[in-house]
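Close look at the chain arrangement
These are the residues of each chain, in order.
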Amino acid sequence: MKKVAVLGSTGSIGTQTLDVISREPESYDVVGLAAGTNVDLLLKQTAVFRPKLVSVATRELADQIRDRLPSGTRVCFGEEGLVEVAAHAGADYVVCALVGSLGLSSALAAIDAGATIGLANKETLVTAGHLVMARAAAKGAAIVPIDSEHSALFQCLNGEPRSAVKRLILTASGGSFRDKTRDELKDVTVEDALKHPNWSMGAKVTIDSATMANKGLEVMEAHWLFDVPYDRIDVMIHPESIVHSMVEFRDTSVIAQLGNPDMRVPIQYALTYPERRPSAALPLDLLAKGTLNFRPMDFGRYPCLHLAYEAGRVGGTAPTVFNAANEAAVARFLRREISFLSIEEIIEEVLNRHTPHSSPDLGTILETDLWARQQAELLRP
Ligand code: MG
């Protein structure tokens, strides 16, 4: 029985993780759940899974739910609460599904506690890939990707030596605005942006896939996870989201992983790896699909992806700035303060203002994150 903690249990990945777990209850013991402010859902999850430890965003929320928890469930809160659930709930498997840079310290705490990490939080590797991979190697902690593209790459690589890999090819659906011109993007609304054609995801990642910032974060994440340089990581548009990513090997063989777009498949594979179990997802009917399409990436159409490659190549604190500026800009777009195209302008401007540090420690990363956020909040587009 796997003892599992889920960080970000009320989000899109968190709820789907618990859905996967609830289909095989004899295989899992949920020992910890960490949520933010959605205490109603957390209370429902707690009643079903009876974890030892839960965490919420603030002391007020913790006080509010304490008396409504089952006996045997303790509540903690804040950043320390996340670390507590990651490291001290007795989990041997921690699903890191927090959104944004909030996930870093708890992921490191889970690695230090010797747990296997199911990693859905991109920012952990984007901002601190050098620290996280070194720490995981030192502790012998496995990091298994949950993101669909990285799960696909992980499955295609399947233990092949790095020397056999020519390039990684990440696929991108193109997001909710893939058929719009740059000109048509000027007046798009929050509601338009939130309509993803293929995937059902949280608001932040849905906006990120419309700007292609999401693919930029995924390129950086792939660089760290699979130790492949940026000039050997490519992105292709694939509107159907059936091929989740591919690896080209040096003998010209290309191995791809295919499936219907359903996050429960990569989530389950991360949980059961190296085993494969039956899934609730619909089987892929390629005959019904008939045709799969691929288009080259247009960096002029998606400048955020170009900025991400640049930040990745510069390295050090530059990816932290890309990520934090993007996070703040997307939040402003969701609050309807700025236009959709201002997101990329803000990221570019904050990157321009930044002088990167190489090999930053955790303190420098967090300071840089805060600085970039403040800049992105104050900029007038
Ligand atoms: Mg993805």
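First, a word on scope: everything that follows refers to the structure included in this document. Since we're looking at a predicted model, the values are computed, not measured.

Attention shifts here to the coordination of the magnesium ion. In this structure, Asp147 (OD), Glu149 (OE) and Glu218 (OE) serve as the protein donors to the magnesium ion, at separations of 2.1 to 2.4 Å. Sequence spacing of the donor residues for the magnesium ion, all on one chain, is D-x1-E-x68-E. Separated by 71 residues along the polypeptide, Asp147 in the loop between strand S7 (143–145) and helix H7 (148–157) and Glu218 in helix H10 (residues 213–226) bring together distant segments of the chain. Judged by its relative accessible area of 1%, Glu218 is buried.

The next thing to look at is the pattern of salt bridges. Taken as a whole, this structure holds 27 salt bridges when the rule is applied. For Arg66, the salt bridge identified is with Asp63, shortest N-O distance 2.8 Å. Accessibility expressed as a relative area gives 43% for Asp63, which makes it partly exposed. For Glu377, the salt bridge identified is with Arg335, shortest N-O distance 3.1 Å.

Applying the stated rule across the entire model yields 7 aromatic pairs. Geometrically, the ring pair formed by Tyr269 and Tyr273 is edge-to-face, given 5.8 Å between the ring centres and 70° between the ring planes. When its relative accessible area of 10% is taken as the criterion, Tyr269 is described as buried. A connected cluster of aromatic rings, assembled from ring pairs, spans Phe154, Tyr269 and Tyr273.

What follows deals with the pairing of strand S11 (residues 254–258). In the sheet, strand S10 (residues 243–249) pairs with S11 via 5 bridges, with the strands oriented antiparallel. Considered in S11, the bridge of Val247 is made with Ile255. Adjacent in sequence and paired antiparallel, S10 and S11 are bridged by 4 residues, among which Thr252 carries a positive phi angle near 80°.

What follows is about unusual backbone geometry. In the segment running from Tyr273 into Pro274, the intervening peptide bond is cis, with an omega of 5°. Take Pro274: it is sitting in the loop between helix H11 (264–272) and helix H12 (286–289). A positive phi angle, close to 35°, is found at Asn158, a residue other than glycine. On the basis of relative accessible area, Asn158 is assigned to the exposed category, the value being 61%. A positive phi angle, near 80°, is found at Thr252, a position not held by glycine. Mapping Thr252 onto the fold places it in the loop between S10 and S11.

Taken in spatial order, the 7 strands of this open sheet run S4-S3-S2-S1-S5-S6-S7, and their pairing is parallel. Of all strands in the sheet, those bounded by a partner on one side alone are strand S4 (74–77) and S7. Put simply, the sheet's adjacent strands are angled 25° from each other on average, direction ignored. Note: strand S5 (residues 93–96) against strand S6 (residues 116–119), 4 bridges, orientation parallel. Residue pairing across strands places Tyr93 opposite Thr116, the latter belonging to S6.

Analysis parameters
Residues numbered from 1 in each chain as written. Predicted model: local features only at pLDDT ≥ 70, side-chain atom pairs only at ≥ 80, totals over all residues. Heavy atoms only, no water. Donors = N, O, S within 2.8 Å, 3.2 Å for Na, K, Ca; no water. Helix = DSSP H or I, 4+ residues; strand = E, 2+ residues; numbered from the N terminus. Buried < 20%, exposed > 50% of the residue type's maximum accessible area, 1.4 Å probe, protein only. Salt bridge = Lys/Arg side-chain N within 4 Å of Asp/Glu carboxyl O. Phe/Tyr/Trp six-rings, centres within 6.5 Å; stacked < 30°, edge-to-face > 60°. Pairing = 2+ DSSP bridges. Axes fitted to C-alpha atoms, helices over the stretch in contact; angles between N-to-C directions.

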